[in-house]
Amino acid sequence: MYHPGEITAGLGDLLFSPAVNDLFLRTCRGEPTERRPVWIMRQAGRYLPEYRAVRQRVDFLTLCKTPELAAEVTIQPVDILGVDAAILFADILLPLEAMGAELVFTKGDGPSFPHPVRTREDVARLRSPEVEETLGYVFAAMRLVRRELDGRVPVLGFGGTPWTLAAYLVEGGGSKQYEHLLAWSYGDPEGLGLLLDRIAETSIAYLRGQVAAGAQALQLFDTWGGLLDLERWRAIALPPLRKVAEALRGTVPLIYYVNGGAHLLPGLAELPVDVLSVDWRQPLSQVRQAVGPRVLQGNLDPAALLGPIPEIERRTAALIAQGRGGGHIVNLGHGILPMVPVENAKAFVDAVKRTPVP
Ligand code: CP3
């Protein structure tokens, strides 16, 4: 079991100002705070006119690979919404491209891998990349964000979990059923395990690079962890995930986000991470009961931000009350929807700031 006291400063803290608003980091460490910190998954994104203005000039991958622009859109929600943490603008799929998988983002369709990885031979063809060479643009953006924010709020780095990254790489993009992935998991679990392990190795180097560049916390996104039942999640998804988490332990606080993972709670309690971030389908009070004294993050229904502002305020207050009894970082249960009016997102952030810790 992991003890928050083991956390030492990220290397970046030797080079940059520490966070002035450290509500988020104090909460990650399990320390008491006067109010709950708040940030929003996908806070740098299409619901912001300022983001869309930048995207009119460059495509998505160019935006990720241009550190000045990535830094600019990372900071937009800090200025516009007043969130308590920034999350670096990038994408979980970038390290797969660095491993040699061609990655394209098409308008409206999202990401795709034209040459999916579905066999042991495909796995053998992947590279083990030198991350400074192939993903150095992410580290450069992180250094710029730390310099430009100058300690106003802490900055999160992030990555996908091996299982979720494999889901996109094996399927060739997003999918409803993930049939190729699941077929492989039943047909040749050891072969799929080789892929998960290769992804874990690259992820460790990539996430360490983000910490060296100044990331003050890391979030691991397991968007598709919920596809597996608990027994198979423990057997297939957990070992490579645990490897990543253990390799990063003692650097900066680690957050694990899982979507649709209510049935995985008994397994999540075993994960060596500081913060568990869950979707909106389960009340936080139940999550707390299942996982014990752990900092939680979440979990307003992203669709609630489409509702009228008084309703957003009412639900935010109820969420904060639900989170009592331990550390709580207020967030949505999944990424913000592109249709959300900016004033609604702001009403959510403001409501958190007005509410004392219950
Ligand atoms: O949170 C942030 O503001 C930081 C940036 C960030 C992006 N993607 C930018 C992005 C983060 C943390 C991610 C994580 C990510 N990327 C996940 C895990 C979180 C989740 O939502 O479950 C996943 C599965 C991806 C892969 C991905 N990237 C998909 C499936 C898509 C298409 C769907 C969509 O929302 O458009 C993307 C594109 C993407 N990543 C956009 C942004 C802002 C939209 C691209 C655009 O500008 O057109």
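These numbers come from a predicted model, not from an experiment.

**Student:** I'd like to hear about the pairing of strand 8 (residues 295–300), residue by residue, with values.
**Tutor:** Counting buried residues along strand 8, six of its six residues qualify, which places the element largely inside the surrounding structure. Pairing between strand 7 (residues 275–278) and strand 8: three bridges, direction parallel. Among the inter-strand pairings, Leu276 is bridged to a residue of strand 8, identified as Leu296. Bridging between strand 8 and strand 9 (residues 328–332) involves five bridges; their strand directions are parallel. By the bridge assignment, Gly298 is partnered in strand 9 with Val330. A crossover connection joins strand 8 to the parallel strand 9 through helix 15 (residues 309–322); in handedness this β-α-β unit is right-handed.

**Student:** Hey, could you go over the site of the ligand for me, with residue numbers and the actual values?
**Tutor:** As a structural note, the neighbourhood of the ligand is formed by 22 residues, with Tyr51, Arg55, Asp91, Thr223 and His334 the closest of them. Interatomic distance of 2.7 Å between a side-chain N/O atom of Arg55 and an oxygen atom of the ligand. Contact with the protein chains removes 87% of the 860 Å² of surface that the ligand exposes when unbound. Taking a 2 Å distance to the grid points as the criterion, the majority of the atoms of the ligand fall inside the largest pocket. Breaking the shell around the ligand down by element, the ones donating at least two residues are helix 2 (49–57) and strand 3 (110–112). Residues of the shell around the ligand, tallied by class, amount to 14 nonpolar, four polar and four charged.

**Student:** Before we move on, could you go through the environment of Thr355 and cite the residues and values that matter?
**Tutor:** Take Thr355: it is sitting in the segment after helix 16 (342–354). Placed 35 residues apart in sequence, Thr355 and Ile320 show a C-alpha to C-alpha distance of 7.8 Å. Excluding residues within four positions of it along the chain, Thr355 makes contact with Arg35 and Ile320. A polar side-chain atom of Thr355 sits 2.7 Å from the main-chain carbonyl oxygen of Ala351.

So, how was this worked out
- Residues numbered from 1 in each chain as written.
- Predicted model: local features only at pLDDT ≥ 70, side-chain atom pairs only at ≥ 80, totals over all residues.
- Heavy atoms only, no water.
- Buried < 20%, exposed > 50% of the residue type's maximum accessible area, 1.4 Å probe, protein only.
- Helix = DSSP H or I, 4+ residues; strand = E, 2+ residues; numbered from the N terminus.
- Pairing = 2+ DSSP bridges.
- Right-handed = clockwise from strand over helix to strand, strands pointing away.
- Near = heavy atom within 4 Å.
- Polar contact = N/O pair within 3.5 Å; in protein donor to acceptor, adjacent residues only side chain to side chain.
- Areas by Shrake-Rupley, 256 points an atom, 1.4 Å probe, with all protein chains shown as cover.
- 1 Å grid on protein atoms, 1.4 Å probe; cavity = no way out; pocket = protein on both sides within 12 Å on 5 of 7 lines; lining within 4 Å.
- Sits in = over half its atoms within 2 Å of the grid points.
- Nonpolar A, V, L, I, M, F, W, Y, C, P; charged D, E, K, R; others polar.
- Contact = heavy atoms within 4.5 Å.

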